[in-house]
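# Fold and geometry: a report
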Amino acid sequence: GHVARRLREAGSTVVTCDPAPGMKADVLCAAEHLPFADDSFDVVACRVAAHHFEDVATALREMARVSGDLVLVADNLFVDEAGEEADRLRDPTHVRNYSEAEWHELFSQAGLEVELFEREEKWVELEPWLQRAGCTGVEATRVRELLANRIAEGKLRLDRGIFKGRKR
């Protein structure tokens, strides 16, 4: 929603995809099976969703296939196994975060050359972050324990990677 809204406000034509009906996407589909012809779009963007994909390699190949040239992906980066456990406790739809090196390999396998990579430290208010996912009680306590080394003054540090890839 956030990226699509801003792009539309800037005058871009946008088609959103999501497998969950509650997300109110233009097209209901999984990222691994995009129902569009090759080179249908100038740009394909995916913001903070890839860690939910069952098969991120297939999803990235699909994004490259339907993009005329440019694929942008911003997602949380792998930090450690404690972080992965915390993410799964907070949100059972979490599959896996990938490291910067893994993303570079995934882009390469999809026929994309990484033109730009930026690492971002994003600080979010911890309690609202837990509440948005309905994470309470014992699970929330365990998440706080697992992420203690990334929590300061009630905020959680999320490490994000922003990748800009072009077709080779």
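What counts and what doesn't
Residues numbered from 1 in each chain as written. Predicted model: local features only at pLDDT ≥ 70, side-chain atom pairs only at ≥ 80, totals over all residues. Heavy atoms only, no water. Helix = DSSP H or I, 4+ residues; strand = E, 2+ residues; numbered from the N terminus. Contact = heavy atoms within 4.5 Å. Buried < 20%, exposed > 50% of the residue type's maximum accessible area, 1.4 Å probe, protein only. Lys, Arg positive; Asp, Glu negative; His and termini not counted. Salt bridge = Lys/Arg side-chain N within 4 Å of Asp/Glu carboxyl O. Polar contact = N/O pair within 3.5 Å; in protein donor to acceptor, adjacent residues only side chain to side chain. Axes fitted to C-alpha atoms, helices over the stretch in contact; angles between N-to-C directions. Parallel < 35°, antiparallel > 145°, perpendicular 65-115°, else oblique. Left-handed = near helix turned anticlockwise from the far one by under 90°. Nonpolar A, V, L, I, M, F, W, Y, C, P; charged D, E, K, R; others polar. Core = buried A, V, L, I, M, F, W, Y, C linked by side-chain atoms within 4.5 Å.

## Observations concerning the environment of Trp-103
Looking at the secondary structure, you find Trp-103 in helix H4 (residues 100-109). Spatially, the C-alpha atoms of Trp-103 and Val-56 are 9.7 Å apart, while their sequence positions differ by 47 residues. When residues no more than four places from it in sequence are discounted, the contact partners of Trp-103 are Ala-50, Val-56, Leu-60, Val-73, Asp-75, Leu-77, Tyr-98 and Phe-163.

## Some words on the side chain of Asp-75
By the element assignment, Asp-75 lies in strand S4 (residues 67-76). Despite its burial, Asp-75 pairs with no opposite charge; the closest candidate is Arg-160, at 6.0 Å N-O. A polar contact of 2.7 Å, which involves the side chain of Asp-75, links it to the side chain of His-51.

## Observations regarding the pattern of salt bridges
In total, this model carries 15 salt bridges according to the counting rule given. A salt bridge links Glu-100 to Arg-119; the nearest nitrogen and oxygen atoms lie 3.8 Å apart. Linking Glu-100 in helix H4 with Arg-119 in strand S5 (residues 112-125), this pair joins segments that are 19 residues apart in sequence. The exposure class of Glu-100 is partly exposed, given its relative accessible area of 28%.

## Side note on the environment of Ala-86
Note that Ala-86 resides in helix H3 (residues 81-90). With 22 residues separating them in the primary sequence, Ala-86 and Ala-64 have C-alpha atoms 31 Å apart. Sequence-distant contacts of Ala-86, that is, excluding residues within four places in its chain, are made with Val-143, Leu-146 and Leu-147.

## Brief notes about the packing of helix H2 (residues 56-66) against H4
Packing of H2 against H4 brings their axes to within 9 Å, and their N-to-C directions diverge by 50 degrees. The pairing of H2 with H4 is recorded here as oblique in orientation. Between H2 and H4 lies a crossing of right-handed hand. Seen from H2, the contacting residues are Val-56, Ala-57, Leu-60 and Arg-61; seen from H4, they are Trp-103, Leu-106, Phe-107 and Gln-109. Broken down by class, the residue content of the contact of H2 with H4 amounts to six nonpolar, one polar and one charged.

## Some remarks on the nonpolar core
Within the largest apolar cluster, 26 residues are counted, with the highest numbers of intra-cluster contacts made by Phe-53, Leu-60, Met-63, Val-73, Trp-103 and Phe-107. Breaking this core down by element, the ones donating at least two residues are strand S3 (41-47), H2, S4, H4 and S5. When residues in this core are grouped by element, the largest group, seven residues, is from H2. In contact with Phe-53, other than residues within four places in its own chain, are Ala-31, Glu-32, Cys-46, Ala-59, Met-63 and Val-95.

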